[in-house]
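Observations on chain architecture
Residues per chain, in single letters:
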Amino acid sequence: MSLSLIPEIKAWVQKKKGGHAKHAEYLVERIRGDHLQPGVIADLGCGTMTVTRRIAELLGDVEVYGYDVKDHAAKRDDDPANLRYSVIEPFTFGQQEPKADIVNLGGVIHHVDQKDELRFLQDVHAGMTDGPDSRLFMHEHTLSANPWRRRMETVCLRTVEFLINEAAESMLTQYNFYTRERLLALLDRAGFEVLDHEDVGTRLVTLPSLNTNTVYWCRKK
Ligand SMILES: C[S@@+](CC[C@H](N)C(=O)[O-])C[C@H]1O[C@@H](n2cnc3c(N)ncnc32)[C@H](O)[C@@H]1O
C-alpha cells in the first residue's frame with residue numbers, strides 16, 4: 001500500500017463519525033454534566049480541526065479556537081462562524097487572547113519533548129481563565145504499568161504514529177508516551193487538580209490501537 005494513501009484513509013475514517021466525533025461529544029457531555037457555561041474553548045494541538053469543528057457545531061454560542069504549531073490548513077470555507085484557527089509558536093498559548101475557559105488537549109502532550117513537558121503544561125495553565133468554570137480536558141494514550149506490556153505498547157504506538165505522521169505527512173515529531181501515574185504527577189506539578197480520570201479504552205480514537213486511553217478532567221489549583 002502506498003504511504004500517500006494514509007492521510008486519505010485517515011480522513012475517510014474520520015468522516016465516518018469515528019472516534020474524533022465521539023471525543024467532541026464526550027467533552028460536551030462533560031461540560032453539560034458539570035453545568036459549566038464556558039464563553040471560550042481552545043483546542044490546543046488541533047491538527048486538522050476535526051474535533052474542534054464538531055465542538056463548534058455542538059456549542060454554537062461558544063467561541064471555539066483551534067491552535068496548532070504546524071499549519072495543517074485546517075480552516076474550511078463552510079466552517080461555523082464561531083470557529084477560529086491560528087498557527088502559533090510552541091509554548092505561546094499562555095500569551096493568546098482571549099484566555100480559554102476550557103482547553104482540549106487531544107493526543108498532543110506525547111508529541112512534546114520530555115524536557116519541555118512541564119513548560120508545556122504550565123503554558124496551558126497560563127492560557128486559562130481563573131474562574132470556577134475553567135477546565136482542562138486531556139485525552140491521552142496510556143501505557144500499562146507492567147514493564148513488558150509497556151515496551152510492546154511503546155513499539156506499536158511509535159510504529160503507527162511514525163506511519164501516520166512522519167512517513168505519510170513528513171511531520172517531524174517527538175514521542176513521549178505516559179503511564180497514568182506519570183501524567184497525574186506531571187499535572188499536579190504544573191498546577192492542576194485532577195477532578196477525575198477515566199479509562200476510555202479506544203472509543204475516542206479513530207484508528208485501532210493496542211493500548212488504552214485515559215481522559216483527565218482538571219481545574220487550576
Ligand atoms: C496526534 S495530533 C492530534 C490532533 C488533534 N488534537 C486530534 O485529536 O485530532 C497532535 C497535534 O499536536 C500538535 N503539536 C505538537 N506539539 C505541539 C505543541 N508544543 N503545541 C501545540 N501543538 C502541538 C501537532 O502539530 C499535531 O497537530
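Attention in this report is confined to the structure presented alongside it. (Residues numbered from 1 in each chain as written. Predicted model: local features only at pLDDT ≥ 70, side-chain atom pairs only at ≥ 80, totals over all residues. Heavy atoms only, no water.)

1. Examining the overall build of the protein chain
Where we set the bar: Here a helix means four or more residues in a row that DSSP labels H or I, a strand means two or more in a row labelled E, and each is numbered from the N terminus. Relative accessibility decides the category of a residue: with a 1.4 Å probe and only protein chains considered, values under 20% of the type maximum give buried, values over 50% give exposed, and everything between is partly exposed. We call two residues in contact when some of their heavy atoms are within 4.5 Å.
Scanning the protein chain from N- to C-terminus turns up 6 helices and 7 strands. Ordered by position in the sequence, the α and β elements of the protein chain form the string α-α-β-α-β-β-β-α-β-α-α-β-β. Relative to its 221 residues, the protein chain shows a buried fraction of 49%. The contacts of the protein chain with a sequence gap of at least 6 include a subset with a gap of at least 24, amounting to 67%.

2. Digging into the packing of aromatic side chains
What counts here: Between 30 and 60 degrees the pair is tilted, below 30 it is stacked and above 60 it is edge-to-face, where a pair is any two Phe, Tyr or Trp rings, Trp via its six-membered ring, whose centres lie within 6.5 Å. Lysine NZ or arginine CZ positioned within 6 Å of the ring centre and within 35 degrees of the ring normal marks a charge as sitting over the ring.
Across all of its chains, the model carries 5 aromatic pairs by this definition. Through pairs of rings, three or more aromatic residues link up here, namely Tyr26, Phe137 and Trp217. Taking the ring centre of tryptophan 148 as reference, the NZ or CZ of arginine 151 above it sits at 4.8 Å.

3. Brief notes about the pattern of salt bridges
Operational definition: We define a salt bridge as a contact between a side-chain nitrogen of Lys or Arg and a carboxyl oxygen of Asp or Glu at a distance within 4 Å.
Considering all chains together, one arrives at 17 salt bridges under this definition. One salt bridge in this structure joins arginine 54 and glutamate 25, with 3.3 Å as the shortest N-O distance. Highlighted residues: arginine 54 in helix α3 (residues 50-58) and glutamate 25 in helix α2 (residues 19-33), separated in sequence by 29 residues. You can call glutamate 25 partly exposed: its relative accessible area is 21%. Its salt-bridge partner being glutamate 117, residue arginine 182 comes within 3.2 Å of it at the nearest N-O pair. Here glutamate 117 lies in helix α4 (residues 117-126) and arginine 182 lies in helix α6 (residues 180-189), a separation of 65 residues in the sequence.

4. Side note on the sheet that holds strand β6 (residues 192-201)
Our working definition: Pairing between strands is defined by DSSP: at least two bridges between them are needed. Where helices are involved, their axes are fitted lines through C-alpha atoms of the stretch in contact, as for all axes, and angles between N-to-C directions lie from 0 to 180°.
Spatially, the 7 strands line up as an open sheet ordered β3-β2-β1-β4-β5-β7-β6, and their pairing is mixed. Of all strands in the sheet, those with a lone pairing partner are β3 (83-87) and β6, marking the two edges. Ignoring strand direction, the axes of neighbouring strands in this sheet form an average angle of 20 degrees. The pairing of β6 with strand β7 (residues 212-220) spans 8 bridges and is classified as antiparallel. Paired with phenylalanine 192 across the strands is lysine 220, a residue of β7.

5. A look at the packing of α4 against α6
Rule in force here: These descriptions rest on fixed angle ranges, namely under 35 degrees for roughly parallel, over 145 for roughly antiparallel, 65 to 115 for roughly perpendicular, and the rest for oblique. By convention the crossing between two helices is left-handed if the near helix lies anticlockwise of the far one by an angle smaller than a right angle, and right-handed if it lies clockwise.
Two numbers describe how α4 lies on α6: the axes approach to 9 Å, and their chain directions differ by 55 degrees. Judged on the interaxial angle alone, α6 and α4 are oblique. Where α4 crosses over α6, the handedness of that crossing is right-handed. Along its contact with α4, which presents Glu117, Leu118, Leu121 and Gln122, the element α6 presents Arg182, Leu186, Leu187 and Arg189.

6. Quick notes on unusual backbone geometry
Across the chain, the bulk of peptide bonds are trans and the bulk of non-glycine residues have phi less than zero. In this structure, proline 98 follows glutamate 97 across a cis peptide bond, with omega equal to 0 degrees. The backbone phi angle of histidine 35 is positive, close to 55 degrees, even though this residue is not glycine. Position of histidine 35 relative to the elements: it lies in the loop between α2 and β1 (40-44). Of note, the phi angle at phenylalanine 91 is positive, near 65 degrees, even though the residue is not glycine. Along the polypeptide, phenylalanine 91 turns up in the loop between β3 and β4 (102-106).

7. Overview of the site of the ligand
What counts is decided by this rule: Residues are counted as near a molecule or strand when any one of their heavy atoms sits within 4 Å of it. Counted as a polar contact is a pair of N or O atoms within 3.5 Å, where, for protein atoms, one must be capable of donating a hydrogen and the other of accepting one, and residues adjacent in sequence contribute only when both atoms are in side chains. For the accessible areas, the method is Shrake-Rupley and the probe is 1.4 Å, while residue cover comes only from the protein chains on display. Side-chain classes follow a simple rule in which Ala, Val, Leu, Ile, Met, Phe, Trp, Tyr, Cys and Pro form the nonpolar group, Asp, Glu, Lys and Arg form the charged group, and the remainder, Gly included, forms the polar group.
Among the 14 residues in the neighbourhood of the ligand, the closest are listed as His20, Gly45, Asp68, His72 and Gly106. Measuring from a nitrogen atom of the ligand, one finds a backbone N or O atom of glycine 45 at 2.7 Å. Separating an oxygen atom of the ligand from a side-chain N or O atom of histidine 72 is a distance of 2.9 Å. Coverage of the ligand by the protein chains reaches 84% of its 600 Å² of free accessible surface. Considering only residue class, the shell around the ligand consists of 5 nonpolar, 7 polar and 2 charged.

8. A word on α6
Rules: Arc definition: it is the arc formed by the directions from the helix axis to the C-beta atoms.
Every buried residue of α6 is listed here: Arg180, Leu183, Leu186 and Leu187. For α6, the angular spread of the buried residues around the axis is 130 degrees, confining them to a single face. Residues Glu181 and Arg189 are exposed on α6 and point more than 90 degrees away from its buried face.

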